[in-house]
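Coordinates in review
Chain by chain, the residues run as shown.
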Amino acid sequence: MTIMKTLKLTACAISLTATAVAAEDVEVLHWWTSGGEAAALNVLKDDLAGNDIGWQDMPVAGGGGGSAMTVLRARVTSGNAPTAVQMLGFDITDWAKEGALADLNALAGEQNWDDVIPAALQTFAKHDGKWVSAPVNVHSTNWVWANKALMDELGIEQPQTWEDMIAAMDKAKEAGKVALAHGGQAWQDATIFDAVAMATGGPEFYKAAFVDLDEEVLGSDTMKEAFDRMATLRGYVDDNFSGRDWNLATAMVINGDALFQLMGDWAKGEFLNADKVPGEDFACFRFPGTQEQVTFNSDQFAMFSQGEGVSDEQAYLAEAILSPTFQIAFNKVKGSVPARTDLDASELDACGQQGYEDFKAASASGNLYGSMAHGHANPAAIKNAMYDVITAHFNGEYDSATAVEELVTAVQINK
Ligand code: BGC
């Protein structure tokens, strides 16, 4: 690697201080703090360590990254931006608009990113013709994770429809199990809503509501029906769901206490981290009614300008992230699929292979949609306003008719 040669030479000439971020370190702000996420992050840390680049860890716990983004704002405001930041969709665009991100075009050109990274990711990774972030993966939110032994024991087949889903959860409830493992946090409620809205109204409805922010669609009877389905799901969670972290909800499925979890495929990282095998110990399938669609989000590392252009360490980090071997090694552990479409996916497990194929097929057939819950459908201000409505409704503060009205208002105020 050309950049590495330069780095190793300069590294010898730079003296380190114990407290400050050393010149050849990268400081990485991220929210990968669960067991499965940390295992995936280690793949990246090891890669860098193998090339003499130190890692300054800046973890900010909180699924979906809301807290991480608050910490980031404070760091940048105080003139102390981290080197690299895990970021989603519209957040990348917002920071790029502020001129805070380094230009990665030289590296991207050398490594041909234009040809190997799908357009849906380039929409966020590029701004004004400049590459400003390095895509690590593609996740999608419209998955169901199921305990296989429990399905077998209760005679449950993979649900194909909403009605099948309800019938399966009824069986679990009757057997004294938790039907739906869920954590009552706004971003988790919204993650479920991605799939429920897509299944209820279909892809055109989803796009009109969350991407185009069409007020008529946001205020429609179909949206009310989506909220009604959320209220139905609320009847299948346990009494202690409030505030629970997503990975603890996954653990309930892993342990056989709960039948299903509706969650992005980072949940698979938890199953793998617990040595569970897809198809044997757990099942993964698309939320019924969204079998053709993919609501995606992509973790990317945005590089904050540290003075003059992109530093050697930032360039190396970006180069390492996009390397084919890293893409496979990392995504195998993380639960996501590669951010490049030119790789041999045979090393991925069954869920991963399905995810990679689904992503490519949805991309080709126009069935790929940015996840509202994970910042790929609309900017943070609108997303957060939607979170508030979805979560208030899930907790019984509004009925579905009121939730629909509040959703329209939330968008009007924040557009
Ligand atoms: C990120 C995932 C992460 C999940 C839970 C999502 O927004 O894209 O990488 O695992 O949040 O923390």
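Every chain's residues receive numbers from 1 upward, in the order its sequence appears when written. In view of the model being predicted, local features appear only for residues whose pLDDT reaches at least 70, and side-chain atom pairs are presented and counted only at 80 or more, with totals across whole chains, interfaces and linings using the full set of residues. Side-chain calculation: all heavy atoms of the structure are included, whereas hydrogens and water are not.

A word on the domain arrangement of the protein chain
Taken domain by domain, the protein chain comprises domain 1 (3-138 + 298-361) and domain 2 (140-295 + 368-414). Annotation comment: domain bounds sourced from an automatic or database domain assignment. For domain 1 versus domain 2, the distance between C-alpha centres works out to 28 Å. Defined in terms of a 1.4 Å probe, buried area is the accessible area two parts forfeit on being brought together, summed over both. Among the residues of domain 1 in contact with domain 2, F90, G335 and C351 are the three that bury the most area, contributing 24% of the side total. One side-chain nitrogen of Lys or Arg within 4 Å of one carboxyl oxygen of Asp or Glu is enough to make a salt bridge. Our count for the contact surface shared by domain 1 and domain 2 stands at 2 salt bridges. R286 is paired through a salt bridge with D358; the nearest N and O atoms lie 2.9 Å apart. N or O atoms closer than or at 3.5 Å make up a polar contact, with two conditions inside protein: a donor-capable atom paired with an acceptor-capable one, and, for residues adjacent in sequence, both atoms drawn from side chains. Counting across the interface, domain 1 meets domain 2 through 8 residue pairs in polar contact (both at pLDDT 80 or more). Classification convention: Asp, Glu, Lys, Arg as charged; Ala, Val, Leu, Ile, Met, Phe, Trp, Tyr, Cys, Pro as nonpolar; all other residues, Gly among them, as polar. Taken together, the residues that form the side of domain 1 that touches domain 2 break down as 9 nonpolar, 12 polar and 7 charged.

Some remarks on the site of the ligand
Around the ligand, the surrounding shell holds 14 residues, and the nearest of these are E37, N297, D299, K334 and H374. At a separation of 2.8 Å, an oxygen atom of the ligand approaches a polar side-chain atom of K334. The protein chains shown are the only cover counted for residues, whose accessible areas, like all others here, come from Shrake-Rupley with a 1.4 Å probe. Expressed as a share of its isolated accessible area of 310 Å², the protein-covered part of the ligand is 100%. Partitioned by chemical class, the residues of the shell around the ligand number 5 nonpolar, 6 polar and 3 charged. We define proximity as follows: a residue is near a molecule or strand when any one of its heavy atoms falls within 4 Å of that partner.

Some points on helix 9 (residues 162-174)
Helix numbering and strand numbering both begin at the N terminus, where a helix is a DSSP run of H or I of at least 4 residues and a strand a DSSP run of E of at least 2. Working rule for helices: expected span equals 1.5 Å times residues minus one. For helix 9, with 13 residues, the first-to-last C-alpha span of 18 Å sits near the 18 Å given by 1.5 Å per residue. Among all positions in helix 9, only W162, M165, I166, A168, M169 and A172 are buried. On an axial view of helix 9, the arc spanned by its buried residues comes to 160 degrees, and they lie on one face. Helix 9 presents E163 and E174 as exposed residues on the side facing more than 90 degrees away from its buried surface. Burial here depends on accessible area, computed with a 1.4 Å probe over protein chains only, as a share of the maximum for the residue type. Under 20% is buried, over 50% is exposed, and the range in between is partly exposed. The arc in question is traced by the directions running from the helix axis to the C-beta atoms.

Notes on the sheet that holds strand 7 (residues 137-140)
Think of it this way: DSSP has to see at least two bridges between two strands before they count as a pair. Spatial ordering of the open sheet is given by 14-7-12-15, a layout of 4 strands whose pairing is mixed. If you trace the sheet from one side to the other, it starts and ends with strand 14 (337-338) and strand 15 (368-370), each paired once. In this sheet, strand 12 (residues 294-297) lies alongside strand 7 in antiparallel orientation, the contact comprising 2 bridges. Bridging across to strand 12, S140 finds its partner in F296.

Quick look at the confidence of the model for the protein chain
Averaged over every residue, the pLDDT of the protein chain is 94; residues scoring 70 or more account for 94%. Across residues 4-19 the pLDDT falls below 50, and counting only partners more than four positions away or on other chains, this stretch makes 15 contacts in the model. Per-residue confidence from the predictor is reported as pLDDT, which spans 0 to 100. In this description, contact between two residues means that some pair of their heavy atoms is separated by no more than 4.5 Å.

Concerning the state of the cysteines
In this description, the term disulfide denotes a pair of cysteine sulfurs within 2.5 Å. Tallying each qualifying case throughout the model produces 1 disulfide. With a sulfur-sulfur separation of 2.2 Å, C284 is cross-linked through a disulfide to C351. The chirality of the disulfide connecting C284 with C351 is left-handed, given an S-S dihedral of about -110 degrees. A residue pair is termed long-range when its members are at least 10 positions apart, and C284 in strand 11 (residues 282-286) and C351 in helix 17 (residues 350-365) qualify at 67 residues.

Considerations on the sheet that holds strand 9 (residues 178-180)
As summarised here, the arrangement of the 4 strands in space is 9-10-8-11, forming an open sheet in which the pairing is mixed. Each edge of the open sheet carries a strand with a single partner, namely strand 9 and strand 11. Taking the axes of each pair of neighbouring strands and ignoring which way they run, one obtains an average angle of 20 degrees across the sheet. Two elements, strand 9 and strand 10 (residues 258-262), share 2 bridges in a ladder whose sense is parallel. Opposite V178, over in strand 10, you have A258 as the bridge partner. To obtain an axis, a line is fitted to C-alpha atoms, over the contacting stretch when the element is a helix, and the angle between two such axes runs from 0 to 180 degrees between their N-to-C directions.

Comments concerning the packing of helix 2 (residues 35-49) against helix 15 (residues 312-322)
Contact geometry for helix 2 and helix 15: axes closest at 11 Å, N-to-C directions at 125 degrees. Between helix 2 and helix 15, the interaxial angle falls into the category oblique. The element helix 2 and its partner helix 15 pack so that their crossing is right-handed. On helix 15, the residues that touch L44, D47 and L48 of helix 2 are Y316, L317, A320 and I321. For the contact of helix 2 with helix 15, the class distribution of residues is 6 nonpolar, no polar and 1 charged. The cut-offs work like this: below 35 degrees is roughly parallel, past 145 is roughly antiparallel, 65 to 115 is roughly perpendicular, and the gaps in between are oblique. Here a crossing is called left-handed whenever its near helix is offset anticlockwise from the far helix by less than a right angle, and right-handed whenever the offset is clockwise.

A look at the pairing of strand 8 (residues 143-147)
Taking burial as the measure, the 5 residues of strand 8 include 5 buried ones, the bulk of the element. Neither face of strand 8 is open: one carries W143, W145 and N147, the other V144 and A146, and all of them are buried. As defined by bridge partners, strand 8 adjoins strand 11 across 5 bridges and the pair is classed as antiparallel. Bridge pairing in strand 11 places W145 opposite C284. As defined by bridge partners, strand 8 adjoins strand 10 across 3 bridges and the pair is classed as antiparallel. Paired with V144 across the strands is L262, a residue of strand 10.

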